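Single-letter residue listing:
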Amino acid sequence: MDLLAGIRVLSFNHYLAGPLAAQTLGDLGADVICIEPPGGAFQRKWAVANRFVGKDSVNHIATGRNKRSLVVDLKSPDGVALVRRLVRTADVVMENFRPGTMEKLGLGYEALREINPGLIYAVASGFGTTGPWKDRPGQDLLLQALSGLAARTGRADGNPTAVGTVVVDQHAATLYAMSILAALFARSRTGEGRLVEVNLYQAAIDLQVESLSAFLNGATSDTPRGPAGIASWFSPGPYGIHETRDGFIAISMAAPSALARGLDAPELAEFGDDESFSQRERITVAVAQRLKDKTTAEWLPMLAAAGIWHAPVQDYPDLPNDPQLSHLAAFRTVEGAGGLPVTMVMHPVRYNGASPEVRLVPQPLGAQTREIMAELGYGADEIAAFLESGAVAEG
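Residues numbered from 1 in each chain as written. Predicted model: local features only at pLDDT ≥ 70, side-chain atom pairs only at ≥ 80, totals over all residues. Heavy atoms only, no water.

Draft legend 1. Layout of the overall build of the protein. Looking only at helices and strands, the protein has 16 helices and 14 strands in total. For the protein, the C-alpha atoms occupy an extent of roughly 85 × 45 × 40 Å along the three principal directions. The buried share among the 395 residues of the protein stands at 45%. When contacts within the protein are restricted to residue pairs at least 6 apart in sequence, those whose partners lie at least 24 apart make up 68%. Here the protein displays about 19,600 Å² of accessible surface, and carbon together with sulfur accounts for 55% of that area. Charged side chains in the protein number 34 positive and 43 negative. The centres of these two groups are separated by 3 Å. (Helix = DSSP H or I, 4+ residues; strand = E, 2+ residues; numbered from the N terminus. Buried < 20%, exposed > 50% of the residue type's maximum accessible area, 1.4 Å probe, protein only. Contact = heavy atoms within 4.5 Å. Areas by Shrake-Rupley, 256 points an atom, 1.4 Å probe, with all protein chains shown as cover. Lys, Arg positive; Asp, Glu negative; His and termini not counted. Charge placed at Lys NZ, Arg CZ, Asp CG, Glu CD.)

Below, the structure is given as structure tokens:
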């Protein structure tokens with residue numbers, strides 16, 4: 001994929017949102033250089049579920065493809081000088097350190113724009129770079145708690161519930177990549193670089209734009225979470241996930257008359273199609289009781305025939321064999337840098353019918369240190385001296 005061919009991105013990112021955003025740009029063809037400290041960035045050394053494939057953490061597998069790795073000690077004057085030389089060749093600098101960290105290193109926006117006026121300098125932080133909470137740690141679960149997302153997730157008769165994946169980080173990554181692309185587009189028209197700032201707190205708010213807009217404009221509910229098993233406080237009945245004889249089925253928006261047909265439940269015909277919200281708890285209870293009478297497989301054709309939006313609840317073991325995901329090539333297993341097979345969740349968009357390829361599997365730490373320095377004009381002796389001094393490293 002060459003949509004961003006010729007664009008060089010310097011990524012000082014760690015954790016998830018930043019590395020994932022940089023990977024998106026790499027998927028699209030940018031030359032992403034991941035600048036890591038000696039020992040490697042956080043995502044190399046820590047893994048969700050404590051799962052490593054050989055020496056590769058699953059977090060590195062999830063966010064490390066289509067990037068080159070350069071190890072630089074930013075506490076070394078020679079290391080900082082190398083980075084500043086590299087910035088002269090870059091289109092984008094990305095960083096998600098605590099606010100003020102890059103400035104202390106002499107690598108903040110104002111310092112770097114002096115040597116590269118067209119630079120797009122993109123910052124991701126937990127709560128923004130200014131304000132009373134700018135120095136608080138921004139972590140996905142904490143943001144779910146603060147933003148109302150946890151309070152509005154789960155059953156009304158249960159506790160606030162965290163979403164089962166790191167949705168705030170992943171949405172922030174999308175916003176991060178999108179904002180960089182917008183800034184690059186503007187630069188192509190004006191020639192001007194700019195500072196782009198994304199924060200996890202507003203990403204968490206943005207995830208809830210529909211329901212928050214309802215609340216901010218007067219919608220009310222007796223409970224913050226949906227009653228009677230309804231999936232959300234603002235939804236009609238029987239919108240939610242309901243138990244069958246042997247599993248679970250999600251029922252989306254459906255009129256009582258359709259539900260009466262699809263579930264062979266005459267009692268649901270007593271409700272008017274305009275009562276899906278006003279009578280939502282009674283409708284939901286009736287649907288939930290009826291669904292327990294048959295297996296998931298028995299219900300699926302009946303619901304389809306009635307035109308009811310529905311889906312069986314699948315778990316991760318079901319996904320590799322899902323026919324649509326297989327058709328879309330959503331997962332790809334390749335030989336990793338360590339020689340072991342690794343499976344990646346692929347870029348989710350097609351361009352002229354094609355998906356971005358894997359140009360580089362997630363790389364060992366510092367695998368391209370010598371290569372990148374040579375591109376900058378350093379000679380073999382200079383590279384050897386940098387390596388000996390510890391200003392840079394290969395692994």
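There is more to say, and it comes next.
Draft legend 2. Seen up close, the side chain of R44. In this structure, R44 sits in helix α2 (residues 42–45). A residue is classified by how much of its surface remains accessible, and R44, at 13% relative accessible area, is buried. Within the structure, R44 has its side chain in polar contact with the side chain of E36 (distance 2.7 Å). In this view, R44 contacts E36, F52, S57, H60, S69, Q363, P364 and L365; residues no more than four positions away in its chain are not counted. (Polar contact = N/O pair within 3.5 Å; in protein donor to acceptor, adjacent residues only side chain to side chain.)

Draft legend 3. Spotlight on helix α4 (residues 77–87). Along α4, the residues that are buried comprise G79, V80, L82, V83, L86 and V87. Each buried residue of α4 lies within a common arc of 155° when the element is viewed along its axis, so the set occupies one face. (Arc of directions from axis to C-beta.)

Draft legend 4. Up close: unusual backbone geometry. Residue P238 follows G237 across a cis peptide bond; omega there is 0°. By the secondary structure assignment, P238 is in the loop between α10 (209–216) and β9 (240–243). Backbone geometry places A49, a non-glycine residue, at a positive phi of 60°. Residues other than glycine seldom take positive phi values, yet A329 does so here, at roughly 55°.

Draft legend 5. A look at the environment of E95. Mapped onto the fold, E95 is located in strand β6 (residues 92–95). Along the backbone, E95 and F271 are 176 residues apart, and their C-alpha atoms lie at a distance of 55 Å.

Draft legend 6. Layout of the domain arrangement of the protein. Under the domain assignment used here, the protein contains domain 1 (8–206 + 347–393) and domain 2 (240–312). The C-alpha-based centres of domain 1 and domain 2 are spaced at 45 Å. (Domains from an automatic or database assignment.)

Draft legend 7. How the structure looks around the pattern of salt bridges. Enumeration over the complete set of coordinates arrives at 13 salt bridges. With its nearest N and O atoms 2.7 Å apart, the salt bridge here joins R44 to E36. No difference in accessibility class separates R44 from E36, as the two residues are buried. Among the ionic contacts, a cluster of salt bridges with common partners joins R8, D31, R68, E371 and E375. (Salt bridge = Lys/Arg side-chain N within 4 Å of Asp/Glu carboxyl O.)

Draft legend 8. Fine view of the environment of M346. The residue M346 is located in the loop between β13 (341–345) and α15 (369–375) in this model. By relative accessible area, which is 8% here, M346 ends up buried. Put simply, M346 and G164 are 182 residues apart on the chain and 20 Å apart in space, counted from C-alpha to C-alpha. With sequence-adjacent residues up to four places away left out, M346 is seen in contact with R65, A329, A330, F331, R332, P356 and V358.

Draft legend 9. Structural detail: the side chain of T63. As for its placement among the helices and strands, T63 is situated in helix α3 (residues 58–63). Aside from chain neighbours lying at most four places away, what touches T63 is L16, P19, L20, Q23 and Q43.

Draft legend 10. Broad picture of a nonpolar patch on the surface. A surface patch of nonpolar side chains, amounting to about 390 Å² of accessible area, comprises Y15, F42, W46 and V48. Looking at where Y15 falls in the secondary structure, it is placed in the loop between β1 (8–12) and α1 (17–27). (Patch = residues over 30% accessible without salt bridge, like charges linked within 9 Å, V, L, I, M, F, W, Y side chains within 5 Å.)

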